[in-house]
Amino acid sequence: MRIEKCWFCSSTVYPGHGIQFVRNDAKIFRFCRSKCHKNFKMKRNPRKVKWTKAYRRLHGKDMTQDSTFEFERKRNRPERYDRNLAENTLKAIKKIDKIRSDRASDHIKNRLKTGKVQRQKEARKQLEQGIHLVKAPLALAQDSSLHLPKIKVNVSQAQTEGNQPMEE
């Protein structure tokens, strides 16, 4: 059983599923569903469509460089059947899938770390600006550590004279 990849979104296409398009130059395009086929006919670039694997890899949302991808490559050289080899291969596939999923989860955690730090900074800033909503005014008056430092600004007389109300 040969499992193909969708040309547009890179998902798997099982035998008997999807759509196959053959161009005039005999190039074969396989699509997992009509959504991918329609986007191909509209000449959309998979790297610019956000839900495709190509977009996710290009923008750093999925792993691109990993040694486990080497095992997924297509090989067209026939091998003589060996029961022990097939058994060892199936065991190795399970291990490789576990390693790949662990690395993918680590990649996602590292990606989300930067957003977490940024959200914490924004939350801290918002809390400092609205501390009077969280703490009672009397508690703020007693505890000087909860106040933001006050900055004195000198205003010159020339600026205040220019801001006088107009006479009618």
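Everything numeric in this text was worked out from a predicted model, so none of it was measured.

A. Inspection of helix H3 (residues 83-129) at higher detail. Compared with the 69 Å implied by 1.5 Å per residue over 47 residues, the 69 Å span of H3 between its first and last C-alpha is a close match. Lys113 marks where H3 bends most, by close to 25 degrees.

B. Spotlight on the state of the cysteines. Scanning the entire structure with this criterion turns up 0 disulfides. Cys32 supplies the cysteine sulfur nearest to Cys9, a cysteine that is in no disulfide, at a spacing of 3.5 Å. Judged by relative accessible area, which is 7%, Cys9 ranks as buried.

C. Spatial organisation of the packing of aromatic side chains. Following the criterion strictly, the structure yields 7 aromatic pairs and no others. Through a chain of ring-to-ring contacts, the aromatic side chains of Trp7, Phe21, Phe29, Phe31 and Phe40 assemble into a single cluster. Above the face of the Trp51 ring, Lys35 is positioned so that its terminal group lies 4.1 Å from the ring centre.

D. Expanded view of the UniProt feature "domain: TRASH" (unreviewed entry) in the protein. When the UniProt feature table is mapped to this numbering, "domain: TRASH" (unreviewed entry) covers residues 6-44. With 21% helix and 26% strand, residues 6-44 has end C-alpha atoms that lie 15 Å from one another.

E. Geometry of the pattern of salt bridges. In total, this model carries 5 salt bridges according to the counting rule given. We note a salt bridge from Arg23 to Asp25, for which the minimum N-O separation is 3.2 Å. A salt bridge links Asp97 to Arg100, with the nearest nitrogen and oxygen atoms 4.0 Å apart. Here the residue Asp97 and the residue Arg100 both occupy positions in helix H3, the gap between them amounting to 3 residues, near one helical turn. Take Asp97: its relative accessible area is 42%, and that puts it in the partly exposed class.

Parameters and conventions
Residues numbered from 1 in each chain as written. Predicted model: local features only at pLDDT ≥ 70, side-chain atom pairs only at ≥ 80, totals over all residues. Heavy atoms only, no water. Helix = DSSP H or I, 4+ residues; strand = E, 2+ residues; numbered from the N terminus. Expected span 1.5 Å × (residues − 1). Bend = angle between axes of the 7 residues up to and from the residue. Disulfide = S-S within 2.5 Å. Buried < 20%, exposed > 50% of the residue type's maximum accessible area, 1.4 Å probe, protein only. Phe/Tyr/Trp six-rings, centres within 6.5 Å; stacked < 30°, edge-to-face > 60°. Lys NZ or Arg CZ within 6 Å of the ring centre and 35° of its normal. UniProt positions renumbered as here; feature names shortened; annotations may be inferred. Salt bridge = Lys/Arg side-chain N within 4 Å of Asp/Glu carboxyl O.

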